[in-house]
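# Understanding the architecture of this molecule
This is what each chain is made of:
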Amino acid sequence: MIEDLSVTLRSVPLTRPWGPDVPCNHALLVTVTLDDGRRGTGLSWTPQIGAHAIKALLEHDVRDAVIGLPPHPEVVWDRLSARLGEAGRTGIVPIALAGVDLALWDLRCGERPLIEVLGARRESVPVYGSGINRHYSLEELRAQAERWVAAGYTAVKIKVGRPSLAEDVERVAAVREVIGPDRLLMIDANQRWDLHRARTALRALQEYDPFWIEEPLPADDLAAHVELRRGIGTPVAVGENVATAHGFRDLLTAGACDVVQPNLVRVGGITPFLRIAELARVFDVPVYPHLLTELSGQLALALHHPAMVERVEDATLIELGLLADPSPVEFAGAELRATGAPTRWAT
């Protein structure tokens, strides 16, 4: 049975800040202790907002609720989700749940790697170069694209949604010029457009052959996503800010997207991620996990549909100092493979 829960908050500086207001990422390492002395550790994570609120929720409501429960990830997740529903189903609640869920999966894995417990369907998955680069100058953006080419990536992603559409066009054109016609180029608006602006922007950007447009609209505007997808040729990717299986169900049922991108922590952990992935499989829609490369990579190796894994420059969990050596995954050019090592947090 679960005997205790403790939380350590770490704010980790980013080598390449994600903007003037995002100089670091906040990691909450959640340790669950069982009555037989075994311990498991998991991650709650937020790049900007809510770390202290998540810590308080974990140390008070969540700790009190899990003590005495069996260390069964699915049972605990369902119990906690029901108990914490009064505080909401999105935002800090699933982020807090993720730390507990990942700790319980750590206990389930023991000394085995996560991918061994999940069951690998493939030996490797492609990695795409990604950057939080909307604030970069054009010269900085070009230089980043050149680094991606030198690293051998066959797919890259940049941010759009600058104040001027002309700026977006100039920047996308510059990156396409650097990477050439054969690499995939994804663009990410981070919910900055409304429906009219998204249509206008995508018409202007179509000639640069975007592989997908990510989060073109506010994440909860289902009707607008349906309308946009109906009228454009560019595939629509959504999901990093969708927190519940019901939210993904609604997107899929409405035909609002071509790709879903659940963030392992923002949906509440491995348990709900696997449920969302199975739901997407029913609709024959691929799942491309969002951020958290070392964890997402192991999940991608186990997914039914082939997927790519996002690697933000200088911001993997290893590069942030959050995972201990040896890493559970390794990078060989533009491919990610499992190493056979278990996931161990640098506590």
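Described below are features of the structure shown in this document.

About the cut-offs
- Counting starts from 1 at the beginning of each chain's written sequence and moves along it residue by residue.
- Under the rules for a predicted model, residues below a pLDDT of 70 receive no local features and side-chain atom pairs below 80 are neither given nor counted, while totals for whole chains, interfaces and linings still include all residues.
- The side-chain numbers reported here are obtained from all heavy atoms of the structure, hydrogens and water having been left aside.
- The buried label applies to any residue whose accessible area, calculated with a 1.4 Å probe on protein chains only, is under 20% of its type's maximum; exposed applies above 50%, and partly exposed to all values in between.
- Each helix is a run of H or I in the DSSP string that is no shorter than four residues. Each strand is a run of E no shorter than two, and both are numbered from the N terminus.
- For two strands to pair, DSSP has to find at least two bridges joining them.
- Note on handedness: a clockwise path from strand one over the helix to strand two, with the strands aimed away from the viewer, defines a right-handed crossover.
- Whenever a helix is involved, its axis is fitted only over the stretch in contact; in every case the axis is a line through C-alpha atoms, and angles between N-to-C directions fall within 0 to 180 degrees.
- Orientation labels follow simple angle bins: below 35 degrees gives roughly parallel, above 145 gives roughly antiparallel, 65 to 115 gives roughly perpendicular, and whatever is left gives oblique.
- Note on convention: near helix rotated counterclockwise from far helix by under a right angle means a left-handed crossing. Clockwise means right-handed.
- Every residue pair with non-hydrogen atoms within 4.5 Å of one another is taken to be in contact.
- Here the term charged refers only to Asp, Glu, Lys and Arg, the term nonpolar to Ala, Val, Leu, Ile, Met, Phe, Trp, Tyr, Cys and Pro, and the term polar to all other amino acids, Gly among them.
- By arc we mean the arc of the directions from the helix axis to the C-beta atoms, nothing more.
- What qualifies as a polar contact is a pair of N or O atoms within 3.5 Å, subject to a donor-acceptor requirement within protein and to the restriction that residues adjacent in sequence count only when both atoms come from side chains.
- Ring pairs are drawn from Phe, Tyr and Trp, using the six-membered ring of Trp, whenever the two centres fall within 6.5 Å, and their geometry is named by plane angle: stacked under 30 degrees, edge-to-face over 60, tilted for the rest.
- A positively charged side chain is recorded as over a ring if its NZ (Lys) or CZ (Arg) lies within 6 Å of the ring centre. The angle to the ring normal must also be within 35 degrees.
- Cavity means a closed set of points on a 1 Å grid over the protein atoms alone, one where a 1.4 Å probe fits but cannot get out, pocket means an open set with protein on both sides within 12 Å along at least 5 of 7 lines, and lining means a residue has an atom within 4 Å of a point.
- Grid points are joined across faces, edges and corners, and a volume is the space filled by probe spheres set on the points.

This paragraph deals with the pairing of strand 5 (residues 155-159). Side-chain positions along a regular strand alternate between the two faces of the sheet. With five of its five residues buried, strand 5 lies for the most part within the structure. The side-chain alternation of strand 5 yields two buried faces, one formed by A155, K157 and K159 and the other by V156 and I158. Of the pairings in the sheet, the one linking strand 4 (residues 124-130) to strand 5 comprises two bridges and is parallel in character. Bridge assignment links S130 to a residue of strand 5, and that residue is K157. Direction of pairing for strand 5 relative to strand 6 (residues 184-188): parallel, over a ladder of five bridges. Among the inter-strand pairings, A155 is bridged to a residue of strand 6, identified as L184. As for the winding sense of the linkage, the β-α-β connection from strand 5 through helix 6 (residues 165-179) to strand 6 is right-handed.

In this section: the packing of helix 2 (residues 73-83) against helix 3 (residues 92-109). Their axes nearest at 9 Å, the elements helix 2 and helix 3 cross at an angle of 165°. Relative to helix 3, the element helix 2 is oriented roughly antiparallel. The way helix 2 lies across helix 3 gives a crossing that is right-handed. In contact with P73, E74, V76, W77, L80 and S81 of helix 2, helix 3 contributes L97, V100, D101, L104, W105 and R108. Grouping the constituent residues of the contact of helix 2 with helix 3 by class yields eight nonpolar, one polar and three charged.

This part is about helix 7 (residues 195-205). For helix 7, the full list of buried residues reads A198, A201, L202 and L205. Buried positions in helix 7, seen along its axis, are confined to an arc of 95° and lie on one side of it. Looking at helix 7, the residues exposed on the side facing more than 90 degrees away from the buried face are H196 and R203. Elements in contact with the buried residues of helix 7: helix 6, strand 6, strand 7 (210-214) and helix 8 (222-231). The backbone nitrogen of H196 lies 3.4 Å from a side-chain oxygen of the residue at the head of helix 7, namely D194.

This paragraph deals with the side chain of S81. Looking at the secondary structure, you find S81 in helix 2. S81 gets classed as buried once you look at its relative accessible area, which sits at 15%. If sequence neighbours within four positions are ignored, S81 has contacts with R89 and L97.

Let's shift gears to the packing of aromatic side chains. The full count for this structure, using the stated rule, is three aromatic pairs. Their ring planes at 40° and their centres at 5.9 Å tell us that F211 and W212 sit as a pair that is tilted. The buried category is assigned to W212, whose relative accessible area is 0%. Ring geometry for W212 against Y288: centres 5.2 Å apart, planes inclined by 80°, an arrangement best described as edge-to-face. With W212 in strand 7 and Y288 in the loop between helix 10 (270-282) and helix 11 (293-302), this residue pair connects regions lying 76 residues apart in the sequence. By relative accessible area, Y288 is classed as buried at 11%. Clustering of aromatic rings is evident, with ring pairs tying together Y128, F211, W212 and Y288. Looking at R311, its charged tip hangs above the ring of F331, at a distance of 3.9 Å from the centre.

Now for the sheet that holds strand 2 (residues 24-34). Within the open sheet, the three strands sit side by side as 1-2-3. Their pairing is antiparallel. Since the sheet does not close on itself, it has two edges, and those belong to strand 1 (2-13) and strand 3 (39-46), each with one partner. Ignoring strand direction, the axes of neighbouring strands in this sheet form an average angle of 20°. Sheet analysis places strand 2 next to strand 3, joined by eight bridges and oriented antiparallel.

Interhelical geometry of helix 1 (residues 51-66) versus helix 3 gives an angle of 60° and a closest axis separation of 10 Å. In terms of axis orientation, helix 1 runs oblique to helix 3. When the axes of helix 1 and helix 3 are compared, the crossing they make is right-handed. Listed contacts from helix 3 to A53, I54, L57, L58, V62 and V66 of helix 1 are I92, V93, I95, A96 and V100. For the contact of helix 1 with helix 3, a count of residues per class yields eleven nonpolar, no polar and no charged.

Here the idea is plain: a probe the size of a water molecule rolls over the atoms and shows the empty space left. Space inside the largest pocket adds up to approximately 1,000 Å³. Surrounding the largest pocket, 43 residues form its lining, Q191, E215, E240, N241 and R266 being those nearest its centre. Of all the secondary structure elements, the ones that give two or more residues to the lining of the largest pocket are strand 3, helix 3, strand 5 and helix 9 (245-254). Broken down by element, the lining of the largest pocket gets its largest block of residues, four residues, from helix 9. For the lining of the largest pocket, the residue count by class is 15 nonpolar, 14 polar and 14 charged.

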